[in-house]
Amino acid sequence: MEYSPYYNPELETMPRKELERLQLERLQHTVRHCMNAEFYRKKFAELGITPDDIKSLDDVRRLPFTTKEDLRENYPFGLACVPMRDCTRLHSSSGTTGNPTVVLHTKKDLDEWATAVARCLWMVGSRPEDVFQNSAGYGMFTAGLGFQYGAEAVGMLTVPAAAGNTTRQIKFIRDFGTTVLHAIPSYASRIYEVMREEGVDPRRDTKLRVLCIGAEPHSEEQRQRIEENLGVKAYNSYGISEMMGPGVAFECPQQNGLHIWEDYFIVEIIDPVTLEPLPDGELGELVLTTINREAMPLLRYRTRDLTRILPGECSCGRCHRRLARLQGRSDDMIILKGVNIFPIQIEKTLLKFRELATDYLITLETKEEGDTMTIDVELAADFSTDDFKALLALEKNVTRLLKDEILITPKIHLVPKGTLTVSDEKKAVRVKDLRKLF
Ligand code: ADP
Ligand code: ZN
């Protein structure tokens, strides 16, 4: 493997024992540092513990959880652990599920963050000779500046195109010879559609090679569709503003799970109901403790994201454990007629059909016959909507396969391409819940 400032074999492939020693050292330091925030001082007092009680990595379980609600209640600066003059930037989460939360960064936090993103980008083959384009919004959304500084650290020529204006985005890709692109998955599909409309063949007319996709749940089938359409390798990127943003976990060239950087975080998977830790391999809620942050370290942060640790080592040689593809947030789970369903299961099934495009909308409603699910799904651009018989057959097949996957029978609406509006700038909304609660 090639060496660089951002392929750091010492940190990426160190023996687990050494990594754990480093984690413990950083955890102990972090816990002491957290006492600068009244929020944690109070929590420690309630639990009757002090930083000196953290003697081993397992002692992380003695620490209090931190939740999104805690961040909201202490908005904006209640969890700061350094004086304001030491803070250099403020970010906030996208607010997908309610009021946004605020995260503070010192200069060192920003450096460490850029290093983490650079490590990810290097891992998937980005090099200084590449041209990197970022189609994420550059504002409070961490995927804008987060990727920007990571790509600059690698030394690539960066094109901070920002979100939206797909025609211009494609023009930049062609004119500047973009080789590495960051896009949220729903937007990657949109770029491909507009290329088609404009007669641009990504293989012939662009130099695109690597795509970093993340920020929203997507299925393996969605990734494969993006790879085929754009003629690229697409790597899953997991980020969360409260931890810093992008760069938390990223797929390596094996494309089999996302390495989570354990020199930055202590990783736990818990049962979201009992809050007990789960063994590797079991699906649960991801809980992260930051161990190298200054401005706003967070202990046992409940991400609400559901995933599992993939047991075993990765053949790439990295020692940092891997997260399985994220299933979605615990609050994304649909409960219909007593059955638990994740939108990603529906997506996975829909995308098995070449006749269908990648956009869909799940609507839940209360009708006379009870709660129902309707799925509007777009037909592929080259599928003729005139052939009524073919449409009916397709609808029947899609319904049957979905019933096998989710155990209930949804109503399928096949709609022409372009019917569903997907935002160019925001994460895709896949579920509309109009059910009456009573
Ligand atoms: P918000 O929670 O308001 O959307 P963020 O912009 O911080 O704020 O988004 C972080 C969230 O995005 C994660 O908690 C997760 O739910 C989702 N997410 C990020 N990356 C991925 C990914 N690769 N796969 C699935 N979901 C992801
Ligand atoms: Zn690997």
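Remember, it's a predicted structure, so these values are computed and weren't measured experimentally.

1. Here's the deal with the sheet that holds strand 21 (residues 431-433)
Move 1: Strand order in the open sheet formed by four strands is 20-19-18-21, and the pairing between neighbours is mixed. Two strands close off the open sheet at either side, each with one partner strand: strand 20 (411-415) and strand 21. Across the sheet, the mean angle from the axis of one strand to that of its neighbour is 15°, orientation sign disregarded.
Move 2: Where strand 18 (residues 356-367) lies against strand 21, three bridges are found, and the strand directions are parallel. Bridge assignment links Leu364 to a residue of strand 21, and that residue is Asp433.
Move 3: Helix 11 (residues 343-350) rests against strand 18, strand 19 (370-379) and strand 21 of the sheet, and its axis sits at about 135° to strand 18.
Move 4: Relative to strand 20, helix 12 (residues 388-406) is tilted by about 135°, and along the sheet it contacts strand 18, strand 19 and strand 20.

2. A word on the packing of aromatic side chains
Move 1: Scanning the model with the defined rule gives four aromatic pairs in all.
Move 2: For the ring pair Phe39 and Tyr40, a centre distance of 4.9 Å and an interplane angle of 70° mean the geometry is edge-to-face.
Move 3: Overall, Phe39 belongs to the buried group, its relative accessible area being 11%.
Move 4: Judged by its relative accessible area of 0%, Tyr40 is buried.
Move 5: Measuring from centroid to centroid gives 5.1 Å for Phe172 and Phe176, while their planes differ by 25°, and the two rings are stacked.
Move 6: Overall, the relative accessible area of 17% leaves Phe172 in the buried class.
Move 7: For Phe176, a relative accessible area of 41% translates into the label partly exposed.
Move 8: Above the ring of Trp261, the side-chain terminus of Arg119 is found at 4.6 Å from the ring centroid.
Move 9: Residue placement shows Arg127 over the ring face of Trp122; its charged tip is 3.9 Å from the ring centre.

3. Points about the sheet that holds strand 4 (residues 157-159)
Move 1: Spatially, nine strands are ordered 4-3-5-6-7-8-9-14-13 in an open sheet, and the strand pairing comes out mixed. Each of the sheet's edge strands pairs with one partner strand only, and the pair in question is strand 4 and strand 13 (309-310).
Move 2: Relative to strand 8 (residues 245-251), strand 7 (residues 233-240) runs antiparallel, the two sharing three bridges. Note that in strand 8 the partner of Tyr238 across the bridge is Ala249.
Move 3: Sitting on the sheet, helix 5 (residues 107-123) touches strand 3 (131-134), strand 6 (210-214), strand 8 and strand 9 (258-260), and the angle it makes with strand 8 is about 30°.

4. Comments concerning the pattern of salt bridges
Move 1: Counted according to the given criterion, the structure contains 30 salt bridges.
Move 2: Residue Arg325 pairs with Glu220 through a salt bridge whose shortest N-O separation is 2.9 Å. In this pair, Arg325 is assigned in the loop between strand 14 (322-323) and strand 15 (328-329) and Glu220 in helix 10 (residues 220-230), connecting sequence segments 105 residues apart.
Move 3: Ionic pairing is found between Glu228 and Arg354, a salt bridge with its closest N-O pair at 2.8 Å. Highlighted residues: Glu228 in helix 10 and Arg354 in the loop between helix 11 and strand 18, separated in sequence by 126 residues.
Move 4: Shared partners join several salt bridges into a network, and the residues in it are Arg16, Glu20, Glu262, Asp280 and Arg321.

5. Quick look at the domain arrangement of the chain
Move 1: Here the domain parsing of the chain yields domain 1 (1-331) and domain 2 (334-437).
Move 2: Just the C-alpha atoms count here: the centres of domain 1 and domain 2 sit 30 Å apart.
Move 3: Contacts between the two partners involve 27 residues from domain 1, matched on the other side by 22 residues from domain 2.
Move 4: Counting each side, the surface lost to burial between domain 1 and domain 2 is near 2,000 Å², with a carbon and sulfur contribution of 49%.

6. Overview of helix 2 (residues 16-34)
Move 1: Taking 1.5 Å of rise per residue, 19 residues should cover 27 Å, and helix 2 covers 26 Å from first to last C-alpha, within 8% of that figure.
Move 2: Every buried residue of helix 2 is listed here: Leu19, Leu22, Gln23, Leu24, Leu27, Thr30, Val31, His33 and Cys34.
Move 3: On its buried face, helix 2 sits against helix 1 (9-12), helix 3 (38-47), strand 10 (265-270) and strand 11 (284-290).

7. Some remarks on the environment of Ile260
Move 1: Structurally, Ile260 can be placed in strand 9.
Move 2: What makes Ile260 buried here is its relative accessible area of 0%.
Move 3: The spatial distance from the C-alpha of Ile260 to the C-alpha of Gly98 is 26 Å, given a sequence separation of 162 residues.
Move 4: If near-sequence neighbours (up to four positions away) are discounted, Ile260 is found in contact with Val248, Ala249, Phe265, Val267, Leu288, His320, Arg321 and Leu323.

8. Let's talk about the layout of surface pockets
Which parts of space are left empty comes out when a probe the size of a water molecule is rolled across the atoms.
Move 1: Here the second largest pocket defines a volume of roughly 440 Å³.
Move 2: Around the second largest pocket sit 22 residues that line it, and Tyr192, Glu193, Ala357, Ala381 and Lys417 are the ones nearest its centre.
Move 3: Here the lining of the second largest pocket takes six residues from helix 8 (residues 185-197), the largest share from any one element.
Move 4: Among the residues making up the lining of the second largest pocket, the classes are represented as seven nonpolar, five polar and ten charged.
Move 5: Both domain 1 (1-331) and domain 2 (334-437) contribute no fewer than three residues apiece to the lining of the second largest pocket.

Cut-offs used in this document
- Residues numbered from 1 in each chain as written.
- Chains lettered and ligands numbered in written order.
- Predicted model: local features only at pLDDT ≥ 70, side-chain atom pairs only at ≥ 80, totals over all residues.
- Heavy atoms only, no water.
- Pairing = 2+ DSSP bridges.
- Helix = DSSP H or I, 4+ residues; strand = E, 2+ residues; numbered from the N terminus.
- Axes fitted to C-alpha atoms, helices over the stretch in contact; angles between N-to-C directions.
- Contact = heavy atoms within 4.5 Å.
- Phe/Tyr/Trp six-rings, centres within 6.5 Å; stacked < 30°, edge-to-face > 60°.
- Buried < 20%, exposed > 50% of the residue type's maximum accessible area, 1.4 Å probe, protein only.
- Lys NZ or Arg CZ within 6 Å of the ring centre and 35° of its normal.
- Salt bridge = Lys/Arg side-chain N within 4 Å of Asp/Glu carboxyl O.
- Domains from an automatic or database assignment.
- Buried area = accessible area lost by both parts, 1.4 Å probe.
- Expected span 1.5 Å × (residues − 1).
- 1 Å grid on protein atoms, 1.4 Å probe; cavity = no way out; pocket = protein on both sides within 12 Å on 5 of 7 lines; lining within 4 Å.
- Points joined across faces, edges and corners; volume = space filled by probe spheres on them.
- Nonpolar A, V, L, I, M, F, W, Y, C, P; charged D, E, K, R; others polar.

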